[in-house]
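# Per-entry structural report
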Amino acid sequence: MSIAVFPGSFDPVTVGHVDIIRRAAGMFDKLFVTVTQNPGKEGGAFTVEERLELLRDATEGIANIELGVCGGILVEYCREVGANVIVRGIRSGSDVEYELMLESVNTRLAPEIQTVYLLAKPEHAYISSNLVRQLIKTGISIEGLVPNAEHKTLRRV
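In this report, the structure presented in the accompanying data block is examined. (Residues numbered from 1 in each chain as written. Predicted model: local features only at pLDDT ≥ 70, side-chain atom pairs only at ≥ 80, totals over all residues. Heavy atoms only, no water.)

## With respect to the overall build of the protein chain
Secondary structure summary: the protein chain contains 6 helices and 5 strands in total. Listed N to C, the secondary structure of the protein chain is β-α-β-α-β-α-β-α-β-α-α in terms of helices and strands. Taking the principal axes of the C-alpha coordinates as reference, the protein chain spans close to 45 × 30 × 30 Å. Within the protein chain, the fraction of its 157 residues that count as buried is 46%. (Helix = DSSP H or I, 4+ residues; strand = E, 2+ residues; numbered from the N terminus. Buried < 20%, exposed > 50% of the residue type's maximum accessible area, 1.4 Å probe, protein only.)

Structure (structure tokens):
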């Protein structure tokens, strides 16, 4: 059985995230979509529970995924759930440099766990959770950027 983990802050989940989730779910028998808590980042706009709720709504109907939370080292989480693949999305060239650094650390810690990169579709390449949060704060519509733009959680920011 092939098991993968797609980690992210999902603060909030975007249509780009959902596209990667759908594509990765088609590649693996089981995909853990995992909200990561980055100790280097302060808080976030949404609580972990809110992010999970948004993800649950956005991924309804994708049968082979499971939502989870990782508050520690990602490769340890992968070992816990039996995953030997980490799925990462790439939007731009600047993402590549950052992702290669992460992969080198993960490979050093767990050489048995591979990283698979999925390129964002061109129509999603500019969308980031940071952009969505900024638009919400300024009152600009986020329709088309997030799968659940009218969700009560998104309206409270």
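Now, onward.
## Examining the side chain of Arg51
Summarising the element assignment, Arg51 is placed in helix 2 (residues 48-58). Engagement of the side chain of Arg51 in a polar contact is seen with the backbone oxygen of Ser9, the distance being 3.2 Å. (Polar contact = N/O pair within 3.5 Å; in protein donor to acceptor, adjacent residues only side chain to side chain.)

## A closer look at the nonpolar core
Counting residues in each nonpolar core, the largest one holds 34 residues, and the members touching the most others are Ile21, Leu31, Val87 and Ile142. Listed by contribution, the elements that provide at least two residues to this core are strand 1 (3-8), helix 1 (15-25), strand 2 (30-36), helix 2, strand 4 (85-90) and helix 5 (129-138). Here this core gets 6 residues from one element, more than from any other, and that element is helix 1. Aside from chain neighbours lying at most four places away, what touches Leu31 is Ala4, Val5, Phe6, Ile21, Ala24, Ala25, Asn64, Ile65, Glu66 and Val87. By size, the runner-up hydrophobic cluster in this structure holds 12 residues, among which are Val5, Cys70, Tyr77 and Ala83. (Core = buried A, V, L, I, M, F, W, Y, C linked by side-chain atoms within 4.5 Å. Contact = heavy atoms within 4.5 Å.)

## Things to note about the state of the cysteines
Taken as a whole and assessed by the stated rule, the structure comprises 0 disulfides. We note that Cys70 lacks a disulfide partner, and the nearest cysteine sulfur, in Cys78, lies 7.8 Å from it. A relative accessible area of 4% means that Cys70 is categorised as buried. (Disulfide = S-S within 2.5 Å.)

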